[in-house]
Amino acid sequence: EVQLVESGGGLVQAGESLKLSCVVSGFTFDDRAITWFRQVAGKEREVISCIHNRRGVMKYLEPVEGRFTISSDNAKNTVYLQMDKLKPEDTALYYCAADAITRCSPDAWAYDYWGQGTQVTVSS
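Residues numbered from 1 in each chain as written. Predicted model: local features only at pLDDT ≥ 70, side-chain atom pairs only at ≥ 80, totals over all residues. Heavy atoms only, no water.

1. Some thoughts on the pairing of strand 5 (residues 46–52)
Among the seven residues of strand 5, six are classified as buried, and the element is accordingly described as predominantly covered. With six bridges joining them, strand 4 (residues 33–39) and strand 5 adopt antiparallel strand pairing. Across the sheet, phenylalanine 37 pairs through a bridge with valine 47, a residue of strand 5. Counted between consecutive antiparallel strands, the loop separating strand 4 from strand 5 contains six residues, among which glycine 42 sits at a positive phi close to 85°. Here strand 5 pairs with strand 6 (residues 56–59) via four bridges, running antiparallel. From the neighbouring strand, histidine 52 faces strand 6, where its bridge partner is glycine 56. The antiparallel pairing of strand 5 with strand 6 creates a hairpin that spans three residues between the two strands. (Buried < 20%, exposed > 50% of the residue type's maximum accessible area, 1.4 Å probe, protein only. Helix = DSSP H or I, 4+ residues; strand = E, 2+ residues; numbered from the N terminus. Pairing = 2+ DSSP bridges.)

What follows is the structure in structure tokens.
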């Protein structure tokens, strides 16, 4: 069974950093895409960035470009989202999603497997 578990969220002040983790288990396909999304209640889900084991990294969300960085540690079956210089507008529930697709996709419907989400709250 494929499972994704996010962690690392919390309450921080503007300008501080957080590093989110997504631990993936039971996912041994040849093509593996892991993507970070975020969502504020009442607003559309936003795609942040994706990492693919064969195709590399894709960045989608301009407001976080240069501040958020996706990476992976295959030995730990973990994908990370390093978030620097956080702003109040970064406050959201952050999800990781995975699927066996040949390249990264910005579309939520492309992913069958999702974590439970981890809350990030940034105060002024």
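2. Quick word on the packing of aromatic side chains
Considering all chains together, one arrives at six aromatic pairs under this definition. Ring geometry for phenylalanine 27 and phenylalanine 29: centres 5.4 Å apart, planes at 65°, overall edge-to-face. What makes phenylalanine 27 buried here is its relative accessible area of 11%. Since its relative accessible area comes to 40%, phenylalanine 29 is described here as partly exposed. Note on phenylalanine 27 and tyrosine 113: the rings are 6.1 Å apart at their centroids and 65° apart in plane angle, and the pair reads as edge-to-face. Placement of phenylalanine 27 in the loop between strand 3 (18–25) and strand 4 and of tyrosine 113 in strand 10 (residues 113–114) is noted, with a sequence separation of 86 residues between them. Residue tyrosine 113 is classed as partly exposed on the basis of its relative accessible area of 27%. Through a chain of ring-to-ring contacts, the aromatic side chains of Phe37, Tyr95, Tyr111 and Trp114 assemble into a single cluster. (Phe/Tyr/Trp six-rings, centres within 6.5 Å; stacked < 30°, edge-to-face > 60°.)

Fair warning: the whole summary comes from geometry, so function is off the table for now.
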